[in-house]
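# Overview (structure and organization)
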Amino acid sequence: MSADSKPYTPRVGEVVRDHLRRRDGVVMDVVGGRLYLRPEGGGIEWTAAPEHVGPAVDASAASRVGR
């Protein structure tokens, strides 16, 4: 990351990739600097550190961002 670039900050409702767990999830909330993610089809929520999360690369997931 260059000095001018900003860290990736996902929005609630956005589909993201948890690189540590190697799975995609929907951002449900951000509390205490941790992201709360849930599988797109529903299921058990998990937490992720922001530095382990990035944009989802799946084309269908990318089309759902901002809904």
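Higher on the page you've got the structure.
Quick caveat, the model's predicted, so the values are computed rather than measured. (Residues numbered from 1 in each chain as written. Predicted model: local features only at pLDDT ≥ 70, side-chain atom pairs only at ≥ 80, totals over all residues. Heavy atoms only, no water.)

Another aspect to go through is the nonpolar core. Membership of the largest hydrophobic core is limited to seven residues, which are Val16, Val27, Leu35, Leu37, Trp46, Ala48 and Val53. Residue assignment for this core shows that the elements contributing at least two residues are strand S3 (34-38) and strand S4 (46-48). With residues near it in sequence (within four places) discarded, Trp46 still touches Asp18, Arg21, Arg23, Asp24, Gly25, Leu35, Tyr36, Leu37, Arg38 and Pro39. (Core = buried A, V, L, I, M, F, W, Y, C linked by side-chain atoms within 4.5 Å. Buried < 20%, exposed > 50% of the residue type's maximum accessible area, 1.4 Å probe, protein only. Helix = DSSP H or I, 4+ residues; strand = E, 2+ residues; numbered from the N terminus. Contact = heavy atoms within 4.5 Å.)

A sheet is described by the order of its strands in space; here five strands give the open sequence S4-S3-S2-S1-S5, paired in antiparallel fashion. What marks the edges here is a single partner per strand, and that holds for S4 and strand S5 (53-55). The sheet shows a mean angle of 50 degrees between the axes of neighbouring strands, taken without regard to direction. Alignment of strand S1 (residues 15-18) against S5, held across three bridges, turns out to be antiparallel. Looking at the pairing, Val16 lines up with Pro55 of S5. (Pairing = 2+ DSSP bridges. Axes fitted to C-alpha atoms, helices over the stretch in contact; angles between N-to-C directions.)

Turning to the pattern of salt bridges, a few remarks are in order. Close approach of charged atoms lets side chains of opposite charge pair. Taken as a whole, this structure holds three salt bridges when the rule is applied. Here Arg17 ties to Asp24 by a salt bridge, and the two come within 3.3 Å at their closest N and O atoms. Of the residues examined, Asp24 reaches a relative accessible area of 24% and is grouped as partly exposed. Residues Arg38 and Glu45 are paired through a salt bridge, measuring 3.2 Å at the closest nitrogen-oxygen approach. A residue is classified by how much of its surface remains accessible, and Glu45, at 33% relative accessible area, is partly exposed. (Salt bridge = Lys/Arg side-chain N within 4 Å of Asp/Glu carboxyl O.)

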